[in-house]
Amino acid sequence: MNIGEIARRAGVSRSTVSYALSGKRPVSDDTRRKIQQVVDELGYQPSASARALANGRTSTLGLVFPPAGNHYTGMQLDFIGSVVEAAAVYDYDVLLSPSGVDSDRSFQRLLGERRVDGAILMEIRLEDDRADHLAALDFPSVAIGRTARPEGSWWVGLDHIALVEACVHHLADLGHRRIAFVNRPEQLLRAGYESAHRGLDGFTKAAAERGLTVRTYCCGDDAASGQTCVERILHDDPATTGLVTLNEAALGGLYRGLAQAGRHVPRDFSVTGVVAARWAETVTPQLTAADVPAADLGRLAVDLLVERLDHPGAPPRNHLLTPPISLRASTGPAGVTPAVGTGADTTP
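Values in this document were obtained by computation on a predicted structure and should not be read as measured data. (Residues numbered from 1 in each chain as written. Predicted model: local features only at pLDDT ≥ 70, side-chain atom pairs only at ≥ 80, totals over all residues. Heavy atoms only, no water.)

### Let's talk about the overall build of the protein
The test is simple: Counting from the N terminus, the helices are the DSSP runs of H or I reaching at least four residues and the strands are the DSSP runs of E reaching at least two. C-alpha atoms define the radius of gyration in this analysis, and the globule rule sets the expected value at 2.2 Å times the number of residues to the power 0.38. Residue burial is assigned from relative accessible area. The probe radius is 1.4 Å, only protein chains are included, and a residue is buried under 20% of its type maximum, exposed over 50%, and partly exposed in between. The contact rule is simple, with two residues in contact once any of their heavy atoms fall within 4.5 Å. Surface exposure here means Shrake-Rupley accessible area, sampled with a 1.4 Å probe, where a residue is shielded only by the protein chains that are shown. His is not counted here, nor are the chain ends, while Lys and Arg score as positive and Asp and Glu score as negative. Each charge is placed at NZ for Lys, CZ for Arg, CG for Asp and CD for Glu.
Looking only at helices and strands, one finds 14 helices and 12 strands in the protein. In summary, the protein has a C-alpha radius of gyration of 26 Å against a globular reference of 20 Å for 348 residues, an excess of more than 25%. Taking the principal axes of its C-alpha atoms as reference, the protein extends roughly 90 × 40 × 30 Å. Classification of the 348 residues of the protein by burial places 48% in the buried group. Contacts spanning at least 24 positions in sequence make up 72% of the contacts within the protein whose residues lie at least 6 apart. Carbon and sulfur atoms make up 51% of the accessible area of the protein, which amounts to about 16,200 Å² in all. In the protein, 35 positive and 41 negative side-chain charges are present, and the distance between their average locations comes to 4 Å.

So this is what it looks like as structure tokens:
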């Protein structure tokens, strides 16, 4: 069914039908009602491409989001879901592009073929050529995360420096003097991923302020890597009594590694970090953490992008979130570290 058939049945011209449906030009109430009656009878819905040609909009937002390694982590999937849900409120669809650099063909198609009205960028790097490319084109976009120089751009983000600092101070207040930092994978740190770098900065700064003995580790985004990382931590410094992590995908492995080493959480070893609440609550004991508000970040990013689309001349805006630490059950006062090889009891 097309506009020509609607025009024939309503006894009007094709252009009149187009004007009535798009609202671009005035049409009499009687004619509009006649056209609407035919549209309702036929169940007509204009195609997305036809709407795009008519109003210059695709009603689609791009989500440029490279997976961590070979797959999306649970937290990444939470972000994708939050963006899709927020976009639906504005009647936008979401097109996912797994592009990590602006040379990716998926990213080039997204822009060159004008498949979307605007884009949300994720997994931001301190020097991010995707953000630079979009800014040079004046293409409407919002980043979830901050580059090294975010001035003049639209973004929402977490204050990873402040959040990791808060985690370190929390452990120090409990008497922990030897702690470790479990970061994202090494390749992401080398690539300049913002969260990995700013989290490391926060850890280093807070540890220095409290005079702590610390070690830092990169860890793959999976449970097996988390277990291996704990083995390295305890091998390098058996007196370690706590850790801070940004890596929710490795969280289960971190716990398993501690259990196999005979370190009970939190009696012998405390764990905290920056993790989404639903992941912090899946481990036992539940993780004391600065909860990543994935739903809020996705909603705010969509709000800003829609605002930018509706008001092209608006000055750049941003939101920097610093959620408090949610005290659960994975941290406690620093105790006496079990002697290596004692087979210490791991029951509560």
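Next comes the rest of the write-up.
### Brief notes about helix 11 (residues 223–236)
Under the convention used in this document: Any helix carries an expected span of 1.5 Å times its number of residues minus one. Directions pointing from the helix axis toward each C-beta atom define the arc. Counting of polar contacts relies on pairs of N or O atoms within 3.5 Å, with two restrictions inside protein: one atom must be capable of donating a hydrogen and the other of accepting it, and residues adjacent in sequence are counted only when both atoms are side-chain atoms.
In this model, helix 11 (14 residues) spans 20 Å end to end at C-alpha, consistent with the 20 Å of a helix rising 1.5 Å per residue. Listed as buried for helix 11 are G226, Q227, C229, V230, I233 and L234. Buried residues of helix 11 fall within an arc of 160 degrees about the axis and therefore sit on the same side. In this structure D222 caps helix 11, since a side-chain oxygen of it lies 3.2 Å from the backbone nitrogen of A224.

### Looking at the confidence of the model for the protein
Parts of the model with low pLDDT should not have their predicted coordinates read in detail. Applicable threshold: Residue-level confidence of the predictor is summarised by pLDDT, bounded by 0 at the bottom and 100 at the top.
Chain-level pLDDT for the protein is 89 on average; 90% of the residues reach the 70-or-more range. Taken as a whole, residues 338–348 scores under 50 in pLDDT and shows 17 contacts with residues more than four places along the chain or in a different chain.

### A few points about the environment of T213
Here T213 lies in strand 7 (residues 213–218). For T213, a relative accessible area of 36% translates into the label partly exposed. Sequence separation of T213 and R178 is 35 residues, and the distance between their C-alpha atoms is 4.7 Å. Setting aside residues up to four positions removed in sequence, T213 forms contacts with R177, R178 and I179.

### With respect to the packing of helix 11 against helix 12 (residues 251–260)
Note the cut-off: The axes used here are C-alpha line fits, helices contributing only the stretch in contact, and every angle between their N-to-C directions lies in the interval 0 to 180 degrees. Should an angle lie under 35 degrees it is considered roughly parallel, over 145 roughly antiparallel, and from 65 to 115 roughly perpendicular; all remaining angles are considered oblique. Left-handed describes a crossing whose near helix is turned anticlockwise from the far helix by less than a right angle; the clockwise case is right-handed. In this count, Pro and Cys sit with the nonpolar residues alongside Ala, Val, Leu, Ile, Met, Phe, Trp and Tyr, while Asp, Glu, Lys and Arg are called charged and the others, Gly among them, polar.
Running from N to C, helix 11 and helix 12 cross one another at 40 degrees; their axes reach a closest spacing of 7 Å. Relative to helix 12, the element helix 11 is oriented oblique. Once helix 11 is placed against helix 12, the crossing between them reads as right-handed. Packed against helix 11, whose contacting residues are A223, A224, G226, Q227, C229 and V230, the element helix 12 presents G253, L254, R256, G257, L258 and Q260 at the interface. A class-by-class count of the residues in the contact of helix 11 with helix 12 yields six nonpolar, five polar and one charged.

### Overview of the side chain of R125
Along the chain, R125 turns up in the loop between strand 3 (118–121) and helix 7 (129–137). Among all residues touching R125, those that are not within four sequence positions of it are G100, V101, R130, R146, T147, A191, G192, Y193 and E194.

### Focus on the pattern of salt bridges
A side chain of one charge can pair with a side chain of the opposite charge when the charged atoms of the two come close. Just so we agree on the cut-off: The salt bridge criterion pairs a side-chain nitrogen of Lys or Arg with a carboxyl oxygen of Asp or Glu, the two atoms within 4 Å.
Taken as a whole and judged by the stated rule, the model has 23 salt bridges. Where R210 meets D173, a salt bridge forms, and the shortest distance between an N and an O atom there is 2.8 Å. In this pair, R210 sits in helix 10 (residues 194–210) while D173 sits in helix 8 (residues 160–173), placing the two residues 37 residues apart along the sequence.

### Focus on the pairing of strand 6 (residues 178–183)
Short version of the rule: Pairing between strands is defined by DSSP: at least two bridges between them are needed.
Counting buried residues in strand 6 gives five out of six residues, a clear majority hidden from the surface. Alignment of strand 6 against strand 7, held across six bridges, turns out to be parallel. Looking at strand 7, one finds that I179 is bridged to V214. Two strands pair when backbone bridges link them, and strand 6 and strand 8 (residues 242–245) are joined in this way by four bridges, in the parallel orientation.

### Observations regarding the environment of V94
Within the fold, V94 resides in strand 2 (residues 93–97). For the pair formed by V94 and A119, sequence separation is 25 residues and the distance between their alpha carbons is 9.3 Å. Not counting residues within four places of it along the chain, the set of residues in contact with V94 comprises T60, L61, L63, V83, V84 and A87.

### Focus on the sheet that holds strand 5 (residues 155–158)
Read from one edge of the open sheet, six strands run 2-1-3-4-5-11, paired in parallel fashion. The open sheet has two edge strands with one neighbour each: strand 2 and strand 11 (318–321). On average, each strand axis in the sheet is inclined to that of its neighbour by 15 degrees, with strand direction left out of account. Taken together, the four bridges between strand 5 and strand 11 define a ladder with parallel strand orientation. Looking across to strand 11, one finds that G157 is bridged to L320.

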